[in-house]
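# Report on the structure
One letter stands for each residue in the lines below.
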Amino acid sequence: MKLFSRKRSVANTNETKDYNNDDLKRNVQVTAHKETLEELTSSSRLNVNPHTGLNADDAKQRLETHGMNMLTPPKQTPTWIKFLKELSGFFSLLLWGGALLCFIGYSIDGSEDHLFLGIVLVVVVVVTGIFSFVQNSKSESLMNSFKSMLPPKVKVLRDGTTDEVISTRIVPGDVVFVEAGDLIPADIRVLECSDSFQVDNAALTGESEPQKRSSVCTHDDPLETQNLCFFGTLAPEGSCKAIVIETGDRTVMGRVAALAMSTKKEQTPINKEIHHFILIISGIALFLGLTFFLLNIGIGTPFIENLVFMIGIIVANVPEGLLATVTVCLTLTAKRMHAKKVLVKNLEGVETLGSTSCICSDKTGTLTMNVMTVAQVVYGDAKTFITEDAPSSFTGGKKTYDTTNVCFQKLLRCAALCNVATFTEGSKWRYKDDGDGETKEIDEFGNPIPVPFKGVVTQGDGSVIETSNWKSVGNASECAMIKLVQSESSMPCDEYDIDSIRSSYPVKYTIPFNSKNKYQVHVHENSSSGKHIVLMKGAPERIIDRCTHAVIGGKIVELDEAERANITRQQEALSANGLRCLGFAEKELDSNVYNNQYKYAAESDEFYSCNFPIGDAPSEVIMDSHDKTQNPKSTGGLVFLGMFALIDPPRPAVPGAVKRCQTAGIKVIMVTGDHPVTAQAIAFKCGILWSKTRGDMIKDNLKFGRTFGSADYENPNDAEAIVVAGSELSPQMKESDWDFILNHRAIVFARTSPQQKLIIVENCQRLGHIVAVTGDGVNDSPAIKKADIGIAMGISGSEVSKQAADMILLDDNFASIVNGVEEGRLIFDNLKKSIAYTIQSNIPEITPFLAFIIFAIPLPLTTFLILAIDLGTDMIPAISMASEQPEANIMQRKPRTKGDRLVTPAMIQFSYGYIGMIQALAGFFTYMVVMNDYGYKPQILFNRGNSDAWGHQPLFCKFSGGHYVNLAGDINEALNPSIDPPTREYPFWFEGYDGEVVNCGYAYNNFASDGIPTEFDFRNSELYSGIQTNGKHTATIESYEAMEQNHFFEYVPWRGRTSSYWDDSMLFHNTDNANKGGNLAQNTISYFRGRAAGLWSLCEQTSNPSCENQFCGERGSAIVRGIEVPAVALNADPSRFSTDCTAQTQMTSNLYDDAFYCNGQGSETLSDSCASVNQYDLKDNIAYPNNRFQTFYCMSLNEDSCGRLTDAAETLPFCNSDGDICGTFEEHSESCSFMCEGYCYWPGSEALNPNTSQVSSFSQFQAEKPGTSTAKYQQCINIGSQEAAYEALKHSQGAFFVSIVVGQIAGLLVCKTRWLSIKSQGMRNTFMLFGIGTEVLLVLFLCYCKPLNVGLGTRNLRLVHFFPAIPFAILIFCFDEARKALMRVTSSSSESVDPISGQKIRGKGWIERNFGY
């Protein structure tokens, strides 16, 4: 006959895999306990001789067949795979995609911005992945916990001899021996055992007391019968010989383990919410990114610019720091919960506990203290026996007994003496470790320092429970008794404590408790009187029957029938309340007969009963084959002293905690393996039950003869409470039956198996509950793992339950769960606020990119600054929300429903539609203000930003009025900006009182070639013979000249000159140095996208009359227009350049692909036509660069050999030997022939004064300066227009960034509450204040730290540019305060309180329904 309804598998395989989940949920199907010993050991079954055991060969073969006696460990996910999963979330995949696009862009155009952004995105993903991995990593070695249940070696009978065998090698059929204190090594059938043999099944069934075991089958249920013991349980008393019926995965514990491992862990609510949020945000990001990418393709936006735009849209939409923020918020809450004795293993469980709508709680150790305690005592007062309370949580801590009562004192004495439990000596004294082991601590007088008997333990909820500091050893009930006696050691009698009592009453004889007699007897001697006393303890009905007298009123009186009935009624009442009663009696013996010479005996050769009084009923029955009779002395009646009623009492804080759960709308269901009567009694004391149960109604109707329809009939279907025994449950139950049970308001499940607990949890979840399960035993682990949030006990819990759980109660206190619920609800509210705050910045981050592509304005915000917001300034304020206090009593509202999402359309409307839009308006307003302050009015920005020209090419503008100004601020009154171009010396335009910029634009990029110059060096014109620009469109000198012909002149705003970013060298920049715009670099793409250090020139044809004053066109050639270069200029000779010109056509707006490059090295002969365009001029052999667009060569006293230019050679200043200006080129003499600092001296054949033939040179004063010991010419260029525009944009982007932060500070304050005014809520969140402070400091740091200015593109902003966003921040604050005030006015009027549960119920008004989140 099979022990389980399945086929055995081969050796060393995980047999639990043969089960499907439904099989595992079925209760244990074992038949071995019902088989006779002959059937069990027969050849068709275990095939073993129980007297000799297996032989070695048979044991070896069975080991190969059945495998090792161990549980199969689960497959482990490698750590590296777990880490990769952290890097492959949906947000992470978006950022990986963005980084990939950046690297593709870099490979195409070589832009370092793309490379840096790609690296930053990769770093963001990796860092946040590492953070999440570290925070969420937890042990999953569930099966390792079962190893502690396996004893290392077991005594086994093999080949007729007893030997010790490693426990993993025992097999079915082995005969094993179990001693007190041993762990049961496998599932075993008891063959024979001592009368005191017990097993502690708490880990398997949850029963709080050890269970009696014998060789007799007492129940069909294998978990209830006395002749089976199960793997992993403990034998606290007695010994047995047993036969192994199952090992390893086939044991009952193996099934529980398999059930735990096969149970799929539910996805946590917060995980579902975050996934939902990710889908929403990612959908928006991808939709916007791809939509505008396709639109840009349609309108012809260059691919790289389009790529950058799409990356920006994605990065702007994805709150990169959100997941890290959520993790940190949960971590901070977990730390707070740890302070309240709740250890959080799974961070997401923090919020899940707050979402809980149903708690399935184990009884023993969770609702109760897991310590047997004397709750009530029965003793005789002046007239009769009465029931009084002992101090325990069961009685509310009350103590009503009278310690001066003689009967009570005798009762305590009997409880202390008829008892073998003791306190360990080591727990009574304070010890210290002196390095050589622990020794007792000594006080100043040389006496050992004792440990007080009583102590207190502070629970996680702040409540204090009294406990015993001394450790007791023995039976749980006896330990409870000696604790009560010891606690009353100050009672007014001669006996002070357990040790004193026992030393005053030495034991003379004992009869241990056995299941047949159900009593325990001790005989002690009273040292003071010498008399012997018989003391008895046992089942009350057995004790009362043995008593003829009782102590009432301090005297021994006859025990009449009325008093017997009174005692019986009290005992029944106590038992009905789930208390375990023990009766006590005594008999003072005649010292003349019973003295130290008397030999006490429980039986003799003649008599089968004791030779001293124990209250036996007289009997003439002759026992056994020896014809023994009853000893007459044993019939002497005893004196009844009273009773102790014991129970594992509820924890003091539990009733209040259960009430808080009910107020919070959380259903608390007791699920225990204990007896229904005990479970019901504890449930009433805890408040889980508060009205008549369905079963009680049925019993009362039967008891009083009530029938349906009678006036006093109680309809069981109307009962709010129900107690369901495990025997009433089965996997085949219909859902309607489960619904009937679970729809009761108060529910207790008793005598449940691990499988039934799991099914209970599944059905609660089916009804839509978020289920929390508490437990401490292995039997609880499947349900704990299945639950939405599993909670194990830290003190009494098994390692298995701890591993399966998401949380551990370090104080085993149910009230700590309620604290956790409150924290969980609070963190959900706070996460909602944190997310609402975080995503507010999405709109001001997205809209700059939309404006960039739709209105073609220069990009107001860069991707780097978006990351600075999401991963920098927003992080700490968002995390600070985790420390926000609740706005109201969150434990007076129902649990959130599944429809109450973390991110809702209302939140999106609030954060995007209201706050985000105001922040975006603030950003654009600030952007426009700053651009205007630097000379770029809003109207000229449109259609100027999406061609990549801003800050890289000169901006040409048409002016109406105004003035040209030089570096010193002098106005040139001779020039009219409306028709005259600026000059070298007067490059700035100043609006004055009537000046206005009419319109602006860029020179047409009318030349492009696909090739890449060989060994690119922009100063070496030899490398340009191939006419190659890497496909970039670039301007030509002809297109610049065309702009001026239409009165569009190069624009360098005077406001830029007066700004902090201005540098005079922008007008004479050394091309050896990279410029801020980044296009003067050894990179073809960066170089050709802006104004190059030289210019391409289309051909001007003059030799062919048909083409006179026309430009050679498409596919044509061109001549190089440049200036003479002296030998000292370190540049190649361009003499190889072709000057042929063919295929004439008029220059139009067409794109040309044939031209020649000039970088200022021209050597061709001047012609009239070349001179007519003022390429250069020669005055007295000095080459004068009259064309402002071309580079020029310069020798200067500046360290980089570039200096300012004058408008004409004749005005070039000269200095004396002291460096003071003393004349001009035409006036200088021998004493005035030295170069002046800060000016450019142009290269010529000789720098001679035609009047004095004086050569300009360095003075001694100048030669001593650094960098002037040798002279060389350097190529210089005027980049003032593009650099001014570039810097103005950078300042505006930085100001836009600051405006978002200012708006976010206001957003933080409005997100601080969802209902209350901030005045009511207050600013007590110091972490938030710290967050605001760090946000401000971080902004200042990012703006004013020079190295970061380079990396992030920020700038040292003017103080006034921090202010434009402040009015918008005030608007945000006022708008939201008004919104919440209207919500309170329109919604509070409908608020009510449920009279039963105390829940606050508020109907939402129109404002809250439409504008709340």
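Residues numbered from 1 in each chain as written. Predicted model: local features only at pLDDT ≥ 70, side-chain atom pairs only at ≥ 80, totals over all residues. Heavy atoms only, no water.

### Structural notes on the overall build of the protein chain
In terms of regular secondary structure, the protein chain is built from 41 helices and 52 strands. Accessible area of the protein chain: about 57200 Å², with a carbon and sulfur share of 54%. (Helix = DSSP H or I, 4+ residues; strand = E, 2+ residues; numbered from the N terminus. Areas by Shrake-Rupley, 256 points an atom, 1.4 Å probe, with all protein chains shown as cover.)

### Section: the state of the cysteines
Tallied over the entire structure, the rule returns one disulfide. Cys957 shares a disulfide with Cys1000; S-S distance 1.9 Å. As the torsion about the S-S bond is roughly 105 degrees, the Cys957-Cys1000 disulfide counts as right-handed. Separated by 43 residues along the polypeptide, Cys957 in strand S33 (residues 956-960) and Cys1000 in strand S37 (residues 996-1001) bring together distant segments of the chain. Comparing Cys957 with Cys1000, the two get one shared label, buried. Cysteine Cys418 is unpaired, with the sulfur of Cys414 as its nearest cysteine sulfur at 5.3 Å. (Disulfide = S-S within 2.5 Å. Buried < 20%, exposed > 50% of the residue type's maximum accessible area, 1.4 Å probe, protein only.)

### Thoughts on the environment of Gly67
With respect to the secondary-structure elements, Gly67 resides in the loop between helix H3 (56-66) and helix H4 (79-86). When its relative accessible area of 3% is taken as the criterion, Gly67 is described as buried. Considered as a pair, Gly67 and Thr168 are 101 residues apart in the sequence and their alpha carbons are 9.0 Å apart.

### Some words on the pattern of salt bridges
Under the counting rule described, the total for this entry stands at 37 salt bridges. As a salt-bridge pair, Asp362 and Lys757 come within 3.9 Å of each other at their nearest N and O atoms. With a gap of 395 residues between them, Asp362 in the loop between strand S11 (358-361) and helix H13 (363-367) and Lys757 in helix H23 (residues 754-766) connect regions that are remote in the sequence. Residue class for Asp362 comes out buried when judged on its relative accessible area of 1%. On the accessibility criterion, Lys757 (4% relative accessible area) is buried. In this structure, Arg413 engages Glu586 in a salt bridge whose closest nitrogen and oxygen atoms are separated by 2.9 Å. With Arg413 in helix H14 (residues 406-417) and Glu586 in strand S25 (residues 580-588), this pair connects stretches of sequence that are 173 residues apart. (Salt bridge = Lys/Arg side-chain N within 4 Å of Asp/Glu carboxyl O.)

### What to know about the pairing of strand S28 (residues 721-725)
Looking along a regular strand, one sees the side chains alternate between the two faces of the sheet. With five of its five residues buried, S28 lies for the most part within the structure. Residues Ala721, Val723 and Ala725 line one face of S28 and the alternating positions Ile722 and Val724 line the opposite face, and both faces are buried. In this fold, S28 hands off to helix H22 (residues 735-742), which returns the chain to strand S29 (residues 746-750); that crossover is right-handed. (Right-handed = clockwise from strand over helix to strand, strands pointing away.)

### Here we look at the sheet that holds strand S31 (residues 789-793)
Read from one edge to the other, the open sheet built from eight strands follows the order S10-S32-S31-S30-S11-S27-S29-S28, with strand pairing classed as mixed. Because the sheet does not close on itself, it has two edges, and the strands there are strand S10 (342-344) and S28. Taking each pair of neighbouring strands and ignoring which way they run, the sheet shows an average axis angle of 20 degrees. By the bridge criterion, four bridges tie strand S30 (residues 771-775) to S31 in an arrangement that is parallel. The partner of Thr774 across the bridge, within S31, is Ile791. Helix-sheet contacts for H22 involve strand S27 (667-671), S28 and S29, and the interaxial angle to S29 is about 115 degrees. Of the strands in this sheet, S10, S11, S27, S30, S31 and strand S32 (807-809) are in contact with helix H26 (residues 814-840), which crosses S11 at around 160 degrees. (Pairing = 2+ DSSP bridges. Axes fitted to C-alpha atoms, helices over the stretch in contact; angles between N-to-C directions. Contact = heavy atoms within 4.5 Å.)

### Regarding the confidence of the model for the protein chain
Per-chain confidence: the protein chain averages 78 in pLDDT, with 78% of residues scoring 70 or above. Segment residues 1-21 is flagged for pLDDT under 50; beyond a separation of four residues in sequence, or across chains, it makes 55 contacts in the model. Confidence drops under a pLDDT of 50 for residues 1257-1270, and excluding neighbours within four residues, the segment shows 25 contacts in the predicted structure. (pLDDT = per-residue confidence, 0-100.)

### Digging into H26
Here H26 contains 27 residues, and its C-alpha end-to-end distance of 40 Å stays within 8% of the 39 Å for a straight helix at 1.5 Å per residue. Summarising burial for H26: 26 of the 27 residues are buried, a large majority. (Expected span 1.5 Å × (residues − 1).)

### A word on a nonpolar patch on the surface
A surface patch of nonpolar side chains, about 420 Å² in accessible area, is lined by Phe103, Phe116, Ile119, Val123 and Val127. Here Val123 lies in helix H6 (residues 112-136). Exposure remark for Val123: the relative accessible area of 44% places this residue in the partly exposed category. (Patch = residues over 30% accessible without salt bridge, like charges linked within 9 Å, V, L, I, M, F, W, Y side chains within 5 Å.)

### A few points about the pairing of S11
Where burial is concerned, the two faces of S11 agree: the one with Cys358 and Cys360 and the one with Ile359 and Ser361 are both buried. As judged from the three bridges shared by S11 and S30, these two strands associate in the parallel manner. Paired with Cys358 across the strands is Val771, a residue of S30.

### Things to note about the packing of helix H30 (residues 905-933) against helix H40 (residues 1366-1387)
In contact at an axis separation of 9 Å, H30 and H40 are set at 160 degrees when each is read in the N-to-C sense. Between H30 and H40, the angle is such that the two are roughly antiparallel. Helix-helix and strand crossings are classified by hand; for H30 and H40 the assignment is right-handed. Here Phe910, Tyr914, Ile915, Ile918, Gln919, Leu921, Ala922 and Phe925 of H30 lie close against H40, whose contacting residues are Phe1368, Leu1371, Ile1372, Phe1375, Asp1376 and Arg1379. (Parallel < 35°, antiparallel > 145°, perpendicular 65-115°, else oblique. Left-handed = near helix turned anticlockwise from the far one by under 90°.)

### A look at the nonpolar core
Grouped together as the largest cluster of nonpolar side chains are 211 residues, with contacts concentrated most on Phe612, Phe640, Phe814, Tyr936 and Phe1297. Leave out the neighbours within four places in its chain, and Phe814 touches Ile359, Ser361, Thr366, Leu367, Arg651, Val654, Ala657, Val658, Cys661 and Val668. Core analysis: the second largest hydrophobic core is formed by 38 residues, Tyr401, Leu411, Met481 and Leu535 among them. (Core = buried A, V, L, I, M, F, W, Y, C linked by side-chain atoms within 4.5 Å.)

### Description of the environment of Asp381
In this structure, Asp381 sits in the loop between strand S12 (373-380) and strand S13 (385-389). Under the relative-accessibility criterion, Asp381 is labelled partly exposed at 23%. Through-space distance from the C-alpha of Asp381 to that of Asn405 is 7.2 Å; in sequence the pair is 24 residues apart. From its side chain, Asp381 meets the backbone nitrogen of Lys383 in a polar contact 3.0 Å long. (Polar contact = N/O pair within 3.5 Å; in protein donor to acceptor, adjacent residues only side chain to side chain.)

### Thoughts on the sheet that holds S37
Read across the open sheet, the three strands follow the order S37-S33-S38; overall the sheet is antiparallel. Sheet topology places S37 and strand S38 (1049-1050) at the edges, where each strand pairs with a single neighbour. Pairing of S33 with S37, which is carried by five bridges, proceeds in the antiparallel orientation. Looking across to S37, one finds that Phe956 is bridged to Gly1001.

### Concerning the packing of aromatic side chains
Summed over all chains, the structure comprises 32 aromatic pairs. Centroid distance Phe453 to Trp470: 5.3 Å. Interplanar angle 80 degrees. Geometry classified as edge-to-face. Of this pair, Phe453 sits in the loop between strand S16 (438-440) and strand S17 (454-458) while Trp470 sits in the loop between strand S18 (464-468) and strand S19 (472-473), and the two are 17 residues apart along the sequence. Here Phe453 matches Trp470 in class, with each residue buried. (Phe/Tyr/Trp six-rings, centres within 6.5 Å; stacked < 30°, edge-to-face > 60°.)

### Considerations on H40
The end-to-end C-alpha distance of H40, which contains 22 residues, comes to 32 Å, matching closely the 32 Å that a straight helix rising 1.5 Å per residue would cover. Those residues of H40 that sit buried are Phe1368, Ala1369, Ile1372, Asp1376, Glu1377, Arg1379, Lys1380, Met1383 and Ser1387.

### A look at the side chain of Lys1380
Here Lys1380 is to be found in helix H40. Residue classification places Lys1380 among the buried positions, given a relative accessible area of 0%. Discounting chain neighbours no more than four positions away, the residues touching Lys1380 are Val1310, Thr1313, Arg1314, Trp1315 and Leu1316.

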